[in-house]
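Fold and contact review
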Amino acid sequence: MSARLPSLPALSPDAALAALRQRQPLVQCITNAVVTNFTANALLALGASPAMCDIPGEAQVFASVADGVLVNLGTPTREQRDAAREAVQSGTPWVLDPVAVGALPVRTALAHELVLAHPAIIRGNPSEIRALAGDGSGGRGVDSIDGPDAARAAARELARSCGAVVAVSGEIDLITDGQRETRVAGGSALLTRVTGGGCSLGATMAAFLGVTDAYSAAVAGSAIHAAASEVAASSSAGPGTFAVAFLDALAVVDGAALVRQGRLSSDGGWGATP
Amino acid sequence: MSARLPSLPALSPDAALAALRQRQPLVQCITNAVVTNFTANALLALGASPAMCDIPGEAQVFASVADGVLVNLGTPTREQRDAAREAVQSGTPWVLDPVAVGALPVRTALAHELVLAHPAIIRGNPSEIRALAGDGSGGRGVDSIDGPDAARAAARELARSCGAVVAVSGEIDLITDGQRETRVAGGSALLTRVTGGGCSLGATMAAFLGVTDAYSAAVAGSAIHAAASEVAASSSAGPGTFAVAFLDALAVVDGAALVRQGRLSSDGGWGATP
Amino acid sequence: MSARLPSLPALSPDAALAALRQRQPLVQCITNAVVTNFTANALLALGASPAMCDIPGEAQVFASVADGVLVNLGTPTREQRDAAREAVQSGTPWVLDPVAVGALPVRTALAHELVLAHPAIIRGNPSEIRALAGDGSGGRGVDSIDGPDAARAAARELARSCGAVVAVSGEIDLITDGQRETRVAGGSALLTRVTGGGCSLGATMAAFLGVTDAYSAAVAGSAIHAAASEVAASSSAGPGTFAVAFLDALAVVDGAALVRQGRLSSDGGWGATP
C-alpha cells in the first residue's frame, strides 16, 4: 500500500462499521450529477458526513480536512476534472471510481492521469477495471458485461502496478491488493435496476477510509452494501421502493449481517497481512 | 420522417414494450440537473440502459454507439450545449425536449438551432411546442398553461416543417407527424406534482427509438407513462410516494395496460402508414 | 427591511400557507447539484412552481418574472456564480443560503459579495451565520456544530448590518430581523439524516416571499418544515422513507399544524411591527 496513507488499523467489517458510526467521518464527493443526491443520502444513512465540494479553488482546501475523498468520473465537467486534480494532492486517502473508462476519451485520459496520484482504492465494474489495466475495450459505458472473475487478473495487475486496493463489483464483489483476495457475496439483483448503487459504494468505501486501512475499507464497504440490499429487497415492490428501503437499511443494518456465514471468503483473511 | 432514421418497424405500444425489455436499448441522456436521477431510474425500471454522457469530446463518441439520444434543455450549461451539438451529429435518432423554450434566450436560440439537426421526436408541453413553432410567447417557464388542443395546429406545423414527430404532453397527450394524429389518455394529476414526469417521458421515447420508428416510439412512451402513473396513483399517499411507486410501476406494467380500451385514439391507427 | 422588497403584507404562517397554495408562486432556484431534485419536489408538493434556471444570460431574465429567488451556494460552479450575480439584480426578493461559508474560499468571497445585494432572507446553520457575520471560523463545512443560541448575537448583528431577515436552523429555528425574534420548535431529528432539508427550507422561504413579507416568509417556511417533518417521522422506518413521507406531508399539512401550541414563540409576535 501507498506510504501516503495514514496508518489506520485493519478492522473487520463489523468493527469498521462501529468505528464509522462513532466517528462520523467527513467524506468529500466529487461525483456525477446523476447520483449526488443518492450518494449523500447513503452516506448520511450510514452515519458519515458527506460534502459534495467539487469546484477548483475549494476542492483541495476541503480534501485536506476530509477523512476520505471520492473521485467518480461519471459526468466529468471541466471544473470537476480540475477539482479532482486538486483534491488528490491533499494527502487524504481517496477512492477512484473510473465510470465508463475505456469507452470515452476525456475520462479515460483523466483516469490514467489520476491513477498516478495514488488512489487508496479503485472501484469499478469488470469492464472498467479491465480497461484501466489496459486489458479489454471497456464495454459499452456504464454496464458491466463481464463477471468479476473475468477481471480478476486485470484487478491483481492493476493493484500491483499502482499500489491501490482494487474492488471489482458484480454479483460477487472481488477485492484485491495484488496479493490478498477477498470475495463478498450477497446483495440483490435490484441494485442493478437502480442508479447509484455502484457509485454510492465508492463513496461508502471513502467513508471507511476515515476509520480503517484501504483493504478493510473496501471489504467493509462491499459487505454493508450487500447486507443492506438484502434487507431492502425483502421489503421492496420494485426498484423505486428498493432504493428508498436501501437507505433505511443502511441506517440500521448491524455488524453481524456484514460478517454473516457465507458473506466473506478470503485467501488470507480479509484483513490479514499476506 | 427523416431519411437519417434507421428503418425500424412500426410497433404497437405493447409490442414496442416487449421489444424494449428484450433489447435493453442504450439511451444517452443530455438532460437537466433536476431530473438526472429520476430519469436514469425511470429508464432502468423500464428495462433500458441509461447513460448521462454530456460533456464535449465524449458526447458524439457515445451517441454513435447509443440506440437513442435525449437532448433536454432544462439547465443548459455551456458544456451541455456543446455536448448536445456534438451528439445530434451522430446519426442516432434523438428526442428534443425544449424545456421552457420561448421565455429564455439561451435555450431558445439553441432549440431553434437543434431543430435543424433533424430530431426524430420533439416532446414538450403546449407552451413549448407553440413557442418552438413560432406561435405564442412560451408561457412562464416550465409550466404548461394551455391544453394540448391549443397547441394542435402548432404541433402539426412544427412536425411538417422539420420532419419530426411532435408529442404534446397534457392531460391527454397528442402525437402527430403532421399528417397522422394519435391521442393518449389516462395518467394521473399527481404527475404534475412531481418533477421529472415530462423529462423522463422524453427519455422513455428515446429508449423506444432503439426498437421502433419515431411515431410508434412517441405513442409507446406516452402510453407506458400513462399506464404506470395510473398504477402508481392507486397506491400513493402523495407526491413523494407517487414518484417512488411510479418507478416500481414502470418495471412491472404490462403491455395490455398500454393499449387498454380508451387509452389510444387515432385518425389513422397509431402505427399505420398514412 | 430593504426598500427593494415589494410591500407584501405580514401574514401568520397558516395564512401564508393558504395564500401560497392559492397563488402558486414561481420560484427560481439557483442551488446545488445534490438537492435540486428534492428541492423541486418539495416546492411542487408545497403548491409552488419551481424552476431551476441557473445559467448566465437567462438567470436575470427569469428572476424578473419569478415571485421569489433562492441562491444556494452548495456547489457553486462558475456559471452558477455568474447566474447568481445576475439574478439578484432583478429586484425580486431573494433568499441567500450560504452553504459552508467560512470554510471554503470561493463561496465565502461570493457570499460576502451577495450580502451587499440585499437578500430578503439569509438562511443557514449556526456555523454559517456566524461565519457570514465575521464571528467564528465556519465549522467543518455543511455541518452545524453550534446550537442556534450560539449564533443568536451573530444573527442579530448580520440582520442589522445588511437589512435582511436572518434564519438560523437547528433543533429550534431562530428568526430575527435584528429587532424582533421568533423561535420555531418541533421537527424531527431525521431531517439531519437526509440531505436537502435545510436547502429545501431556503427554497420554501423563497416561495413564501411571493405572498408575504420577508419576516413572515421565514417564519412560515420554518413552521411548515417543522410540521411536515413531524408528520413524516411518525410514518417512517428510516431516512429513506422519511424523505419520501416528508414530500407527502408538505402536500397535505394544514395551517393549524403550523401554529399549534408550542410551535412559535416570539418576543413581539411573529409578524408584529416591533
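Cut-off values and rules
Residues numbered from 1 in each chain as written. Chains lettered and ligands numbered in written order. Predicted model: local features only at pLDDT ≥ 70, side-chain atom pairs only at ≥ 80, totals over all residues. Heavy atoms only, no water. Helix = DSSP H or I, 4+ residues; strand = E, 2+ residues; numbered from the N terminus. Buried < 20%, exposed > 50% of the residue type's maximum accessible area, 1.4 Å probe, protein only. Contact = heavy atoms within 4.5 Å. Pairing = 2+ DSSP bridges. Axes fitted to C-alpha atoms, helices over the stretch in contact; angles between N-to-C directions. UniProt positions renumbered as here; feature names shortened; annotations may be inferred. Polar contact = N/O pair within 3.5 Å; in protein donor to acceptor, adjacent residues only side chain to side chain.

A closer look at the environment of alanine 151 of chain A
Residue and element names in this part refer to chain A. When you line up the elements, alanine 151 lands in the loop between α6 (126–132) and α7 (152–162). The class of alanine 151 is buried, set by a relative accessible area of 0%. Discounting chain neighbours no more than four positions away, the residues touching alanine 151 are Pro126, Ile129, Arg130 and Val168.

Some details on the sheet that holds strand β2 (residues 49–51) of chain B
Residues and elements named next belong to chain B. Read from one edge to the other, the open sheet built from nine strands follows the order β2-β1-β3-β4-β5-β6-β7-β8-β9, with strand pairing classed as mixed. Edge positions in the sheet fall to β2 and β9 (264–266), since each has one partner strand and no second. Each strand of the sheet is rotated relative to its neighbour by a mean of 20 degrees, with strand direction disregarded. Contacts from helix α4 (residues 78–87) reach β1 (26–30) and β3 (68–72) within the one sheet, and its direction differs from that of β1 by about 140 degrees.

Points about the sheet that holds strand β1 (residues 26–30) of chain A
Residues and elements named next belong to chain A. If you trace the nine strands from one edge of the open sheet to the other, you get β2-β1-β3-β4-β5-β6-β7-β8-β9, paired in mixed fashion. Bordering the open sheet on either side are β2 (49–51) and β9 (264–266), each of which pairs with just one other strand. Ignoring strand direction, the axes of neighbouring strands in this sheet form an average angle of 20 degrees. As paired strands, strand β3 (residues 68–72) and strand β4 (residues 94–97) are joined by four bridges and run parallel to one another. Paired with valine 69 across the two strands is tryptophan 94, which belongs to β4.

Digging into the UniProt feature "binding site: ATP" (unreviewed entry) in chain A
Residue and element names in this part refer to chain A. The feature "binding site: ATP" (unreviewed entry), as given by UniProt, occupies Arg123 and Ser169 in the numbering adopted here. For the residues just named, distributed over 47 residues, the greatest C-alpha separation is only 7.3 Å, placing them together at one site. Relative to the helices and strands, arginine 123 resides in strand β5 (residues 121–124). Residue class for arginine 123 comes out buried when judged on its relative accessible area of 5%. There is a polar contact of 2.6 Å between the side chain of arginine 123 and the side chain of serine 169. Within the secondary structure layout, serine 169 lies in the loop between β6 (165–168) and β7 (173–176). Residue classification places serine 169 among the buried residues on the basis of a relative accessible area of 15%. When neighbours within four sequence positions are excluded, serine 169 is seen to be in contact with Arg123, Gly124, Asn125, Pro126 and Leu201.

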